[in-house]
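Here is what each chain is made of, one letter per residue.
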Amino acid sequence: MGTEKQGGQTAGASKIAPATGKLGVMVVGLGAVATTFIAGVEAVRRGLAKPIGSMTQMGTIRLGKRTDNNTPRVKDFVPLADLKDVVFTGWDIFEDNVYESAAHAKVLDEKLLDQLKPYLETIKPLPAVFDQYYVKRLHGTHVKKGKNKRDLVNQLRADIQAFKKTVDRVVVIWCASTEIYIKATDVHQSIEAFEKGLDNDDIAIAPSQLYAYAALSEGVPFANGAPNLTVDFPAMVELSKRNAAPICGRDFKTGQTMMKTVLAPAFKARLLGVSGWFSTNILGNRDGEVLDDPESFKTKEESKLGSLDYIFQPELYPDLYKDLYHKIRINYYPPRGDDKEAWDNIDIFGWLGYPMQIKVNFLCRDSILAAPIALDLVLFLDLAKRTPELRSLGVQEWLSFYLKSPQTAEGLYPEHDLFIQSMKLKNTLRHIMGAELITHLGLEYYD
Ligand SMILES: NC(=O)c1ccc[n+]([C@@H]2O[C@H](COP(=O)([O-])OP(=O)(O)OC[C@H]3O[C@@H](n4cnc5c(N)ncnc54)[C@H](O)[C@@H]3O)[C@@H](O)[C@H]2O)c1
């Protein structure tokens, strides 16, 4: 229980290292999401636009009782890196700088990009670790060569070490393409087995795992915006704990799945049954092209499918959800570019089993939704790294809020409900700051 100080800071704050100096953000894959994230941060820094969608920049957190009227901004409550202290670099398989890549992605309009051009042009990708076996639709040209996977990890570590010399702290975030579907094998079960796999070029070790392994080996937190198997297996969890380098789940929860994890908890709370949920999408950016490959689509499909089963708990509610038919489609449709259109048809049933239907048609902008999530993950992972109580936990379950596939301790089922996730996130912030948790019990108002 913390005692309140001015500005919402509490006694617990003293244990967290301050966010002084530069925060270096290394982005793997400088495509649509990454360039929208980087250009957006610069636009906000210059006062050209607002960081809409970002909890770290615009969110507030209630402290104490509803009658206390104490609701500081999240960024005034926890010590987060200031945007002016964020420095970007990254890797890509193409040589385009961030301006060129953003222009190619066509998410942000030319007028804004032109204003940011002198800055964006300075961010040029380092050569990537890439193998077409894992992303069939891309042919990379700006790629590292190494004698085996261990050698490639060492080259990535050298990149991180060089960047570390120019900043005070580093976070790595994967915003690169979705890799083919890979299941965890023996090689993923321990650090020892994984290291052997690096020497033997084990096929189950994809490039994303090499980046993650390099980051965690350097004690650097790692976020995974794509659905690949990258950090969620025992070897990475072990390394993350050993080197106090926080990790958290996979796949930014942006459009359709975000809506799913809002609607499904509502049906369940009201005990409405669901017999079918058909979700389809059209998408025309490079991500859509990569997902047009069945092997990359399988990775995405698995990630998108998980949420409903966990939310509905059909084993507890067989009459309502046992026979749910859940189908997901993503169709590559170039004319729409980054402007995704998603349709959901939900067949529900109510009192005495009478059927009803709900249609959701979400015309979204994929990267506009993903960019603030990338920002929040980076800033919160940096906070976790500076927080003694969090940094050696490995998995930061409180960041599930941002991810389609939350990561949890072994044997623990993940929470997908967006509002449970939001409460978990804010209570974690209250907890590390020594503030009282909010349970929403509220009986004290009626004493
Ligand atoms: N936008 C969203 O709403 C959203 C939501 C969830 C997940 N994602 C995921 O985020 C990722 C990025 O999406 P995007 O729209 O920016 O895609 P994109 O195709 O525009 O960008 C991906 C970039 O990664 C690069 N790349 C591929 N493999 C690489 C490697 N091994 N090393 C370095 N760079 C590599 C590509 O050259 C490309 O520039 C995708 O995996 C996508 O599935 C996006």
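(A) Quick peek at the side chain of E218. Mapped onto the elements, E218 comes out in the loop between helix 8 (207-217) and strand 5 (222-224). Judged by its relative accessible area of 13%, E218 falls in the buried class. Here the side chain of E218 touches Q161 through a polar contact of 2.8 Å, side chain to side chain. Contact partners of E218, with chain neighbours within four places excluded, come to R157, I160, Q161 and K164.

(B) Geometry of the sheet that holds strand 1 (residues 23-28). Strand order in the open sheet formed by six strands is 3-2-1-4-5-6, with parallel pairing between adjacent strands. Where the open sheet ends on each side, the last strands, each with one partner, are strand 3 (126-127) and strand 6 (247-248). Relative to strand 2 (residues 86-92), strand 1 runs parallel, the two sharing six bridges. Across the sheet, G24 pairs through a bridge with V87, a residue of strand 2. Sitting on the sheet, helix 1 (residues 32-45) is in contact with strand 1 and strand 2, with an inclination near 160° to strand 2.

(C) Representation of the packing of aromatic side chains within the structure. Scanning the model with the defined rule gives 12 aromatic pairs in all. Between Y133 and Y134, the aromatic rings sit 4.9 Å apart at their centres with planes inclined by 90°, giving edge-to-face as the arrangement. Looking at Y133, the relative accessible area reads 38%, which means it is partly exposed. Ring centres of F380 and W398 lie 5.5 Å apart, and the angle between their planes is 65°; on these two criteria the pair is classed as edge-to-face. Separated by 18 residues along the polypeptide, F380 in helix 14 (residues 366-386) and W398 in the loop between helix 15 (388-391) and strand 12 (403-405) bring together distant segments of the chain. Among the residues examined, W398 registers a relative accessible area of 4% and is labelled buried. Among the aromatic residues, those joined into a ring-pair cluster are F380, W398, F401 and Y402. One Lys or Arg, K136, reaches over the ring of Y133 and ends 4.4 Å from the middle of that ring.

(D) Layout of the pairing of strand 2. Taking burial as the measure, the seven residues of strand 2 include six buried ones, the bulk of the element. Bridge count for strand 2 against strand 3 is two bridges, and the pairing is parallel. Bridge pairing links D92 to P127 in strand 3.

(E) Quick peek at the sheet that holds strand 9 (residues 325-332). One open sheet accounts for four strands, arranged 9-8-10-11; its pairing is mixed. Strand pairing shows two members of the sheet lacking a second neighbour, strand 9 and strand 11 (355-365), which therefore form its edges. On average, each strand axis in the sheet is tilted by 10° relative to the strand beside it, whichever way the strands run. In this structure, strand 8 (residues 273-283) lies alongside strand 9, joined through eight bridges in parallel fashion. Across the sheet, residue G276 finds its bridge partner in strand 9, namely Y325. Across the sheet, helix 10 (residues 256-269) lies against strand 8, strand 9, strand 10 (339-349) and strand 11, angled at about 165° from strand 8, the strand it touches most.

Parameters and conventions
Residues numbered from 1 in each chain as written. Predicted model: local features only at pLDDT ≥ 70, side-chain atom pairs only at ≥ 80, totals over all residues. Heavy atoms only, no water. Helix = DSSP H or I, 4+ residues; strand = E, 2+ residues; numbered from the N terminus. Buried < 20%, exposed > 50% of the residue type's maximum accessible area, 1.4 Å probe, protein only. Polar contact = N/O pair within 3.5 Å; in protein donor to acceptor, adjacent residues only side chain to side chain. Contact = heavy atoms within 4.5 Å. Pairing = 2+ DSSP bridges. Axes fitted to C-alpha atoms, helices over the stretch in contact; angles between N-to-C directions. Phe/Tyr/Trp six-rings, centres within 6.5 Å; stacked < 30°, edge-to-face > 60°. Lys NZ or Arg CZ within 6 Å of the ring centre and 35° of its normal.

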